[in-house]
Amino acid sequence: MAKLQYSTEDGIALISMDDGKANAMNFDFFSEMGEALDRVRKDGVRTLIITGRPGYFSGGLDVRLLTSLPPQEVNRLADTFARTMLRVFSLPIPTIAVLSGHAVAGGAMLSFVCDLRFAVEGTYRIQMNESVIGIPLPTWMLMIGRAVIPAQWLAEAFLQGRAYVPDEAVGRGLVHGLIEKDDDPIADAKSRTEHLKSVNLQAYQTSKARLRDADVQQVLELLKGELPFSGS
């Protein structure tokens, strides 16, 4: 069963995550995401929207899988996760996350690597909980946090692992706006980002690369030494 659906309309690509559960990230998930991102580049779309199923954007890495894997495979999953997130972070077009529900750990990170974030109204969690559950944050995650989280809230969100409901996340600038629960979230996101149609994509691509590429290369160089079992 496919975990992701890909479609395009009017120059906008849509990646919808739905595994019927928490949209847990495992090897199949990252394989499908990679294929979808390949299609984004091939199709030459102007904008990418990523969303989840009602109630869950993504709960992050598949915990059941992680606890069953030998160290080398845990490292491979962590490496694949990092490179996939950094690929989205570096995409040369505007990217938009539409949070449809819980966005925890890797799910929150997937939203943060997008350029704009909108959240459907609700009482669900948006949380980087790694520090709460005892996982040191790798440099690549901290780099993204510094790039997208307002400085006064970075320690609270990333180091302290605070959980936010959507309106709190908007108030702290982690999310750019709320979508009313009775609205069509994708149509709403498209309406709010209508201004992106006037962006010169060549200028956007060049500027985004200048803004991010050096940092991405730096954290990739550190990645191997920061994998969970880097000493194995």
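Everything numeric here is computed off the predicted structure, so don't read it as measured data.

Caption draft 1: Representation of the environment of Gln127 within the structure. Within the secondary structure layout, Gln127 lies in strand β8 (residues 126–127). In this structure, the C-alpha to C-alpha distance between Gln127 and Arg87, residues 40 residues apart in sequence, is 21 Å. Residues within four places of Gln127 in sequence aside, it is in contact with Ala103, Val104, Ala105, Ala108, Val132, Gly161, Arg162 and Ala163. A distance of 2.4 Å separates a polar atom in the side chain of Gln127 from a polar atom in the side chain of Arg125.

Caption draft 2: Broad picture of the side chain of Asp62. Tracing the chain through its elements places Asp62 in the loop between β4 (55–58) and α2 (63–68). Arg64 provides the closest opposite charge to the buried, salt-bridge-free Asp62, at an N-O distance of 6.3 Å. At 3.2 Å, the side chain of Asp62 forms a polar contact with the backbone nitrogen of Arg64. Non-local contacts of Asp62, meaning those with residues more than four positions away in its chain, are made with Ala24, Met25 and Asn26.

Caption draft 3: Fine view of the pattern of salt bridges. Considering all chains together, one arrives at 12 salt bridges under this definition. By sharing partners, the salt bridges in this structure join Glu156, Arg162, Glu168 and Arg172 into a single network.

Calculation rules
- Residues numbered from 1 in each chain as written.
- Predicted model: local features only at pLDDT ≥ 70, side-chain atom pairs only at ≥ 80, totals over all residues.
- Heavy atoms only, no water.
- Helix = DSSP H or I, 4+ residues; strand = E, 2+ residues; numbered from the N terminus.
- Contact = heavy atoms within 4.5 Å.
- Polar contact = N/O pair within 3.5 Å; in protein donor to acceptor, adjacent residues only side chain to side chain.
- Buried < 20%, exposed > 50% of the residue type's maximum accessible area, 1.4 Å probe, protein only.
- Lys, Arg positive; Asp, Glu negative; His and termini not counted.
- Salt bridge = Lys/Arg side-chain N within 4 Å of Asp/Glu carboxyl O.

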